[in-house]
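Summary of the model geometry
In case you want the letters, here they are:
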Amino acid sequence: MTVPTVLLTTGSAFADSDLPAQTQHKPTYAELQKAAEDAKKAYDAAVDAKKAGLEKLKATMADLDRDTHPLKAAWLAAEKVAKAAGADKAAADRAVVEAQAKLAEATDVAGKTEARKALAAAEARAEKAAADKADADSKQAETNDAWHDARVAASREYNTFLVALDKAAEAQESADQALAAAKKCVRALDLTVLANGLPSKVVAGTTVDFSFTVANGTDRTLDVDPLVFFNLQATDEYQHFMKVQWSNGSDWQELDSRNGSSHIASVKAMKPGARSDVKMRMTVEAKAPANKALALLAGDASDPYNPCVLGPMKRYDFEVLPAGSKPGTVDEAKPGTVEDKDRAKPTPTAKSTPNPSAQGGASAEPAPNSGSAEGNLATTGSSSAMPQLALAGGAAVLLGTGAVLAVRRNRAAKGSN
């Protein structure tokens with residue numbers, strides 16, 4: 001018999017710590033999912049808006065760069081007027097210099113009088129030319145500023161899309177982190193599933209009746225999906241010799257002997273302190289080989305705030321005796337706890353449809369003392385789904401705790417109840 005080493009050498013999958021108290025202000029898992037979805041939509045919309053904004057910016061800048069655009073046309077016209085005014089002022093200034101020279105050259109009274117008149121006229125023209133140039137320069141600056149302001153305004157408008165995208169990215173990251181934190185499985189040490197009347201020895205060719213009890217000893221109302229696993233410690237070709245069934249209150253449902261483990265007898269809205277009993281029976285065919293066998297029981301659950309809640313796993317070892325054996329008085333199989341190193345880390349993503357309800361449903365009876373460690377729900381890590389593994393020699397059933405760990409992880413990856 002070969003058991004995949006990878007399943008039995010996994011490190012501790014849980015890191016116990018106090019779960020934050022649930023208050024009226026704490027969002028539910030569904031609300032966190034909705035927030036993450038909305039944040040993703042907002043981010044996508046911001047990406048689209050930024051893309052459209054960039055195209056608009058390019059078009060606006062190209063339009064503003066055309067000489068026919070009103071703002072640039074006004075600037076170019078003002079620039080032309082300013083150049084002409086500058087040329088006029090330069091000419092007027094030269095005329096003043098020339099008039100001053102002629103006045104200096106005049107020798108008689110009449111010549112000086114005429115030269116003074118010419119200088120006065122030249123100075124008047126120069127003063128007006130200077131004023132015209134100043135006005136033209138001012139208009140050129142105004143039109144140039146208006147053109148540049150339009151370019152700056154277009155850039156600022158595009159920058160608002162960049163800022164919005166950054167904020168949307170931050171909001172999405174925050175929403176994703178909150179959802180990821182809520183997805184992490186939590187440990188409920190007082191959510192127990194214990195077998196009742198499972199014999200420590202079963203003779204091949206007989207049928208035994210027993211049951212298991214699901215007890216919610218936590219302070220939470222939970223949707224509980226008990227995990228049940230039965231396995232002959234032999235290769236998969238012998239598994240069909242052991243048939244295990246459970247009662248849903250109206251008929252018997254058979255566990256899949258090929259996969260060995262199943263989530264059965266779901267209990268919706270199981271109140272704190274409530275328990276539910278499920279009848280089971282196991283038939284071992286006469287041809288079954290004498291060998292050891294085991295059963296694993298655990299409570300997988302969820303509530304509005306935690307989609308993955310895992311109770312402790314209990315292991316029951318029993319023996320299959322050869323047909324016709326007379327075992328005498330047979331004690332019940334004793335529960336043992338599966339160590340953390342044999343656990344996997346599920347990562348739930350969504351809710352699934354619950355299984356048929358357990359026989360009798362949940363009641364308000366106090367939960368029995370399961371002998372499990374005391375404590376509240378505690379957070380734990382998560383990881384990606386484990387790939388399908390098979391024993392050497394074909395499509396065999398995984399044996400031992402490894403098979404249940406794979407099922408538990410796969411269930412969580414698909415979504416808990």
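Computed from a predicted model, the values in this text were never measured in an experiment. (Residues numbered from 1 in each chain as written. Predicted model: local features only at pLDDT ≥ 70, side-chain atom pairs only at ≥ 80, totals over all residues. Heavy atoms only, no water.)

Considering the arrangement of structural elements, one finds N159 in helix α4 (residues 109–183). You can call N159 partly exposed: its relative accessible area is 39%. Placed 105 residues apart in sequence, N159 and L54 show a C-alpha to C-alpha distance of 9.3 Å. (Helix = DSSP H or I, 4+ residues; strand = E, 2+ residues; numbered from the N terminus. Buried < 20%, exposed > 50% of the residue type's maximum accessible area, 1.4 Å probe, protein only.)

Between its first and last C-alpha atoms helix α2 (residues 29–64) spans 51 Å; for 36 residues at 1.5 Å apiece the expected length is 52 Å, and the two agree. When α2 is considered as a whole, its buried residues turn out to be Y29, L32, A36, A39, A46, G53, L57, M61 and L64. The inward-facing, buried residues of α2 contact α3 (70–105) and α4. (Expected span 1.5 Å × (residues − 1). Contact = heavy atoms within 4.5 Å.)

In this section: the state of the cysteines. Here the structure, examined in full by the defined rule, presents one disulfide. Between the sulfur atoms of C185 and its disulfide partner C308 the distance amounts to 2.1 Å. On the sign convention where negative means left-handed, the S-S torsion of about 85° between C185 and C308 marks this disulfide as right-handed. Of the two residues, C185 is situated in the loop between α4 and β1 (186–187) and C308 in the loop between β11 (291–302) and β12 (309–310); the sequence distance between them amounts to 123 residues. Across this residue pair, the class does not change: C185 and C308 are buried. (Disulfide = S-S within 2.5 Å.)

What follows concerns the confidence of the model for the protein. In the predicted model, the protein carries a mean pLDDT of 80, and the fraction of residues at 70 or more is 74%. α2 holds the highest mean pLDDT among the elements of the protein, 97, whereas helix α1 (residues 5–8) holds the lowest, 28. Under a pLDDT of 50 for its full length, residues 1–20 has, in the predicted model, 53 contacts with residues more than four places off or in other chains. Within the model, the stretch residues 340–400 combines pLDDT values under 50 with 203 contacts to residues more than four positions away or in other chains. (pLDDT = per-residue confidence, 0-100.)

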